[in-house]
Amino acid sequence: MTRPVKRPLLSRLSPPRLIALSFALTIVLGGFLLSLPLAHQPGKTLGFIDSLFMATSALCVTGLSVILPSETFNLTGQLILLLLIQVGGLGIITFGTIFALIAHRRLNFSQSARIAQQVSALNVGGVRGLLRNIFLYTVLIETLGAALLALRFVPEFGWGRGLYLSMYHAVMAFCNAGFPIFPNGLMNYVSDPLVSLVIPALIILGGLGFLVQVNIVGHLKDRRHTRLMVQSKIVLSMMSVLLLGGAALFALLEWNNPRTLGPLPLGGKLLASFFQSVTPRTAGFNTLDYELMRPATLLLTMGLMFIGANPGSTGGGIKTSTFYIMAGSAWSMVRGRGEMVAFQRRIDQETVLRAMTISLLSTLLVSAGFLLLLLTNTNPRLDFLHLFFESVSAFATAGLSMNSTPETNDVQRLLLVLLMYLGRVGPLTFAVAFSSSPGPKDVSYPPERDVLVG
């Protein structure tokens, strides 16, 4: 009688559990490394809770910070932070597979399926080539972005410091993280066309989604045989509406605000409006102080943060396609149509249900986190609006703040850690979990049409 072969623990984990566990273990490891004295500037120390916060914010590519990294971390600490951001941006499983490909290790079907789910690939057979493209594309774009930023930073800071700042901001922007290295962020460059256009371009490319990038490049090379997928069309249309509409609304709301856009020249106003429309896509950089903005502008920003970037990208939020399907399905219902149609294709009910579920769960998580932040608040300066903005930013892994993060207490910081972790892992995990085909049912119940809603 042959005894059953025990599979390794990792091979027995479902993809959602493997992703969640990988992120959690790496966060703890990153927090430990950032708490070591070798990562700190002389005379500086950082407790484990704050180190855990910074590691979570880095790996979840958020950008919320309880300290100024350049003042607390030395070069070693900053490089650890940068490495966590790069790993978090590409995905732990994706990065691990790239290393496996470099080492010429063989992948079985189960491992390939997990990688496909992590990078939103549609077929398992193309995972190897897709991952190579991801790695090469990332290196190429970050290098190009760093070279362009060097045109500004090298003359200002010298070759050594200038090149480091260029590389730092290029990786941060592409990975949709926004840890400040300057005390006032990028506010000194609010009217600088180079910085105010290169950083948003990197943010957009990082938040576009790897699968969409591959599809667009293939379509541009051979339009006859490679068509744009419906996913790509949805993403591109939503990006256009959010970026242009967000910039127009921001300019309208803040144009005469004497503390933000008011004192800037026309070019500076347009650049700042566009930058502040791009960065809520979960990037975290800012060229204006959010604490000085009007409440209506902050509400607009929170809406953009909650929607976030695109699936399979370095960004967070519920994702643009999720919002598109949710809104489109509601509009189809209002018009009396039974099914949603997008670009002459029917969207199946399982996808609609998944989008609704992700949106509802995300709303509940943000609400619960916000309520707990209110209940544990001990700082009178952190009012309702400050904490609401902070909770949305943490869950959406946006990294924007009304200068509130350093003023939170330890309990609130742990709550923000949980929000960042769930925001980065949660929607992805639920999407993967609900994408599996249901098993056979023993009993099929008749539908009930007498339940009233609305």
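Look a little higher up for the structure.
Asks: So what exactly am I meant to see when it comes to the overall build of the protein chain here?
Replies: Of the regular secondary structure elements, the protein chain holds 18 helices and two strands. By residue count, 53% of the 454 residues in the protein chain fall in the buried class. In the form shown here, the protein chain has an accessible surface area of approximately 21800 Å², with 66% of it arising from carbon and sulfur atoms.

Asks: Even after reading the chapter, I still don't get the side chain of Glu142, so can you show me in this structure?
Replies: Tracing the sequence through the fold places Glu142 in helix α8 (residues 127-157). For the buried residue Glu142, which engages in no salt bridge, the nearest side chain bearing the opposite charge is Arg424, 12 Å off. Contacts of Glu142, omitting those with residues within four sequence positions, involve Gln86, Ala170, Val171, Phe174 and Cys175.

Asks: Mind showing me how you'd approach the pattern of salt bridges here?
Replies: Where charged atoms from two side chains of opposite charge come close, those side chains can pair. One pass over the full model with this rule turns up five salt bridges. A salt bridge links Arg152 to Asp192; the shortest N-O distance between them is 2.4 Å. Placement of the pair is Arg152 in helix α8 and Asp192 in the loop between α9 (159-174) and α10 (193-206), with a sequence separation of 40 residues. Residue Arg152 is classed as partly exposed on the basis of its relative accessible area of 27%. Residue class for Asp192 comes out buried when judged on its relative accessible area of 13%.

Asks: Just to check I follow, could you spell out helix α3 (residues 48-59) for this structure?
Replies: Because an α-helix completes one turn every 3.6 residues, residues spaced three or four positions apart along the sequence face the same direction. Helix length check: α3, at twelve residues, gives a terminal C-alpha distance of 16 Å against a target of 16 Å (1.5 Å per residue), a fit within 8%. Of all twelve residues making up α3, ten are buried, and the element is well covered by its neighbours. Among all positions of α3, only Asp50, Ser51, Leu52, Phe53, Met54, Ala55, Thr56, Ser57, Ala58 and Leu59 are buried. Once α3 finishes, Val61 follows within two positions and takes phi at roughly 40 degrees, a positive value.

Asks: What's the story with unusual backbone geometry in this structure? I'm lost.
Replies: A negative phi angle is the norm for most residues apart from glycine, just as the trans form is the norm for most peptide bonds. The phi angle at Asn176 is positive, at roughly 60 degrees, despite the residue not being glycine. Counting through the fold element by element, Asn176 comes out in the loop between α9 and α10. For Asn176, a relative accessible area of 0% corresponds to the buried category. For Lys319, which is not glycine, the phi torsion reads 90 degrees and is therefore positive. Structurally, Lys319 is set in the loop between α14 (295-307) and α15 (320-334). Overall, Lys319 belongs to the buried group, its relative accessible area being 16%.

Asks: Explanation requested: the nonpolar core in the structure shown.
Replies: What tends to happen in soluble globular proteins is that the nonpolar side chains get buried as a cluster. The biggest cluster of nonpolar side chains holds 112 residues, and the ones touching the most others in it are Met54 and Ile199. Discounting chain neighbours no more than four positions away, the residues touching Ile199 are Leu149, His169, Ala173, Leu186, Phe275 and Phe285.

Asks: Just to check I follow, could you spell out α14 for this structure?
Replies: A rise of 1.5 Å per residue sets the reference length of α14, with its 13 residues, at 18 Å; its end C-alpha atoms lie 19 Å apart and thus fit the reference within 8%. Burial in α14 covers these residues: Thr297, Leu298, Leu300, Thr301, Met302, Leu304, Met305, Phe306 and Ile307. Looking at the buried positions of α14, the neighbouring elements they touch are α12 (230-254), α13 (266-278), α15, α16 (349-375) and α17 (384-395). A positive backbone phi angle near 80 degrees is found at Gly308, which sits one or two residues after α14.

Asks: How should the packing of aromatic side chains be read in this particular structure?
Replies: Two measures describe an aromatic ring pair: the distance that separates the ring centres and the angle between the ring planes. For the coordinates displayed, the defined rule picks out eleven aromatic pairs. With a centroid separation of 6.1 Å and an interplanar angle of 55 degrees, the aromatic rings of Tyr137 and Phe174 are classed as tilted. Residue Tyr137 is found in helix α8, and its partner Phe174 is found in helix α9; the two are separated by 37 residues along the sequence. The pair Tyr137 / Phe174 is uniform in exposure class, with both members buried. For the ring pair Phe182 and Tyr189, a centre distance of 6.2 Å and an interplane angle of 45 degrees mean the geometry is tilted. Take Phe182 and Tyr189: they sit in the same class, and that class is buried.

Asks: I keep staring at the packing of α15 against α16 and nothing clicks. Help me out?
Replies: Each pair of packed helices gets described by two things: the angle between the helix axes and the distance between those axes. At their nearest, the axes of α15 and α16 sit 9 Å apart, and the two run at 110 degrees to each other. When the interaxial angle is binned, α15 and α16 end up roughly perpendicular. By crossing handedness, the relation of α15 to α16 is classed as left-handed. Residues Thr322, Ile325, Met326 and Ser329 of α15 lie in contact with α16, whose contacting residues are Thr351, Val352, Ala355, Met356, Ile358 and Ser359. Partitioning the contact of α15 with α16 into residue classes produces six nonpolar, four polar and no charged.

Asks: What's the story with the environment of Ala327 in this structure? I'm lost.
Replies: Residue position: Ala327 is located in helix α15. Separated by 25 residues in the primary sequence, Ala327 and Val352 have C-alpha atoms spaced 9.9 Å apart.

Conventions and cut-offs
Residues numbered from 1 in each chain as written. Predicted model: local features only at pLDDT ≥ 70, side-chain atom pairs only at ≥ 80, totals over all residues. Heavy atoms only, no water. Helix = DSSP H or I, 4+ residues; strand = E, 2+ residues; numbered from the N terminus. Buried < 20%, exposed > 50% of the residue type's maximum accessible area, 1.4 Å probe, protein only. Areas by Shrake-Rupley, 256 points an atom, 1.4 Å probe, with all protein chains shown as cover. Lys, Arg positive; Asp, Glu negative; His and termini not counted. Salt bridge = Lys/Arg side-chain N within 4 Å of Asp/Glu carboxyl O. Contact = heavy atoms within 4.5 Å. Expected span 1.5 Å × (residues − 1). Core = buried A, V, L, I, M, F, W, Y, C linked by side-chain atoms within 4.5 Å. Phe/Tyr/Trp six-rings, centres within 6.5 Å; stacked < 30°, edge-to-face > 60°. Axes fitted to C-alpha atoms, helices over the stretch in contact; angles between N-to-C directions. Parallel < 35°, antiparallel > 145°, perpendicular 65-115°, else oblique. Left-handed = near helix turned anticlockwise from the far one by under 90°. Nonpolar A, V, L, I, M, F, W, Y, C, P; charged D, E, K, R; others polar.

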